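Descriptive analysis of the structure
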Amino acid sequence: WFLPSMLEHHRAKPADYVSHLLGHEGRGSVLSALKAADLAVELTAGSETEDHTTAAMQFAVTITLTEHGLARPDDVLCTVFAYLGMLARMEPERWVWEELRDVAALRFKFQEAEQEIEYTRR
């Protein structure tokens, strides 16, 4: 999806929040429901920083379907959109922000060394 720019909300990271929940693989997740119905085996969701501009951003959901899922794309889409609708009706959960914060801190702490030129490209 192409969405309005989220740059002004960079501290809140709304796209990260949604992609974290949508891409979750545990109990109660979209993927667990799709797997239980033998519709999909993998789901990824999110946006790339390079795709953000002051005008728009792109948010993508990629789902690897089973043969059954290929035959029933409407069921897959209904499941994803039902979950997105549920998220839209809910207030943001503090535990999600805390989990995102903790994961970001761990990634920063244990990041691999980069060449200096890579710092100038970001």
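Now for a description of the structure that goes with this document. (Residues numbered from 1 in each chain as written. Predicted model: local features only at pLDDT ≥ 70, side-chain atom pairs only at ≥ 80, totals over all residues. Heavy atoms only, no water.)

1. Remarks on the pattern of salt bridges
Once the charged atoms of two side chains with opposite charge are near each other, the side chains can pair. Counting across every chain of the model gives 3 salt bridges. Here Arg72 makes a salt bridge to Asp75, at a shortest N to O gap of 2.4 Å. (Salt bridge = Lys/Arg side-chain N within 4 Å of Asp/Glu carboxyl O.)

2. Description of the layout of surface pockets
Roughly 250 Å³ of internal volume is contained in the second largest pocket. Considering the residues around the second largest pocket, the lining is formed by Pro14, Tyr17, Val18, Leu21, Leu84, Leu87, Ala88, Met90, Glu91, Pro92, Glu93 and Trp97. Those elements that place two or more of their residues in the lining of the second largest pocket are helix H1 (14-22) and helix H4 (73-89). With 4 residues, H1 is the largest single contributor of residues to the lining of the second largest pocket. Partitioned by chemical class, the residues of the lining of the second largest pocket number 10 nonpolar, no polar and 2 charged. (1 Å grid on protein atoms, 1.4 Å probe; cavity = no way out; pocket = protein on both sides within 12 Å on 5 of 7 lines; lining within 4 Å. Points joined across faces, edges and corners; volume = space filled by probe spheres on them. Helix = DSSP H or I, 4+ residues; strand = E, 2+ residues; numbered from the N terminus. Nonpolar A, V, L, I, M, F, W, Y, C, P; charged D, E, K, R; others polar.)

3. What to know about H1
Ala15, Tyr17, Ser19, Leu21 and Leu22 are the residues of H1 that are buried. Taken together, the buried residues of H1 touch helix H2 (30-36), strand E2 (40-46), strand E3 (56-58), strand E4 (60-65), H4 and helix H5 (94-109). (Buried < 20%, exposed > 50% of the residue type's maximum accessible area, 1.4 Å probe, protein only. Contact = heavy atoms within 4.5 Å.)

4. Here's the deal with the side chain of Thr66
With respect to the helices and strands, Thr66 occurs in the loop between E4 and helix H3 (67-71). Judged by its relative accessible area of 12%, Thr66 is buried. One polar contact links the side chain of Thr66 to the main-chain amide nitrogen of Gly69, over a distance of 3.0 Å. Not counting chain neighbours up to four residues away, the residues in contact with Thr66 comprise Asp38, Leu39, Ala40 and Val41. (Polar contact = N/O pair within 3.5 Å; in protein donor to acceptor, adjacent residues only side chain to side chain.)

5. With respect to the side chain of Ser29
Within the secondary structure layout, Ser29 lies in the loop between H1 and H2. Overall, Ser29 belongs to the buried group, its relative accessible area being 3%. Here the side chain of Ser29 touches His24 through a polar contact of 3.3 Å, landing on its backbone oxygen.

6. Let's talk about the packing of H1 against H5
Look at H1 against H5: their axes get within 10 Å of each other, and the N-to-C directions meet at 95°. As summarised for this structure, H1 and H5 are arranged roughly perpendicular, according to the angle between their axes. Note on element contacts: H5 touches H1 through Trp95, Val96, Trp97, Glu99 and Leu100, opposite Asp16, Tyr17, His20 and Leu21. For the contact of H1 with H5, the per-class residue count stands at 6 nonpolar, 1 polar and 2 charged. (Axes fitted to C-alpha atoms, helices over the stretch in contact; angles between N-to-C directions. Parallel < 35°, antiparallel > 145°, perpendicular 65-115°, else oblique.)

7. Things to note about the environment of Ser5
Looking at the element boundaries, Ser5 is found in the loop between strand E1 (2-4) and H1. Of the residues examined, Ser5 reaches a relative accessible area of 17% and is grouped as buried. Separated by 53 residues in sequence, Ser5 and Gln58 have C-alpha atoms that sit 8.9 Å apart.

Just distances and angles here, no functional claims.
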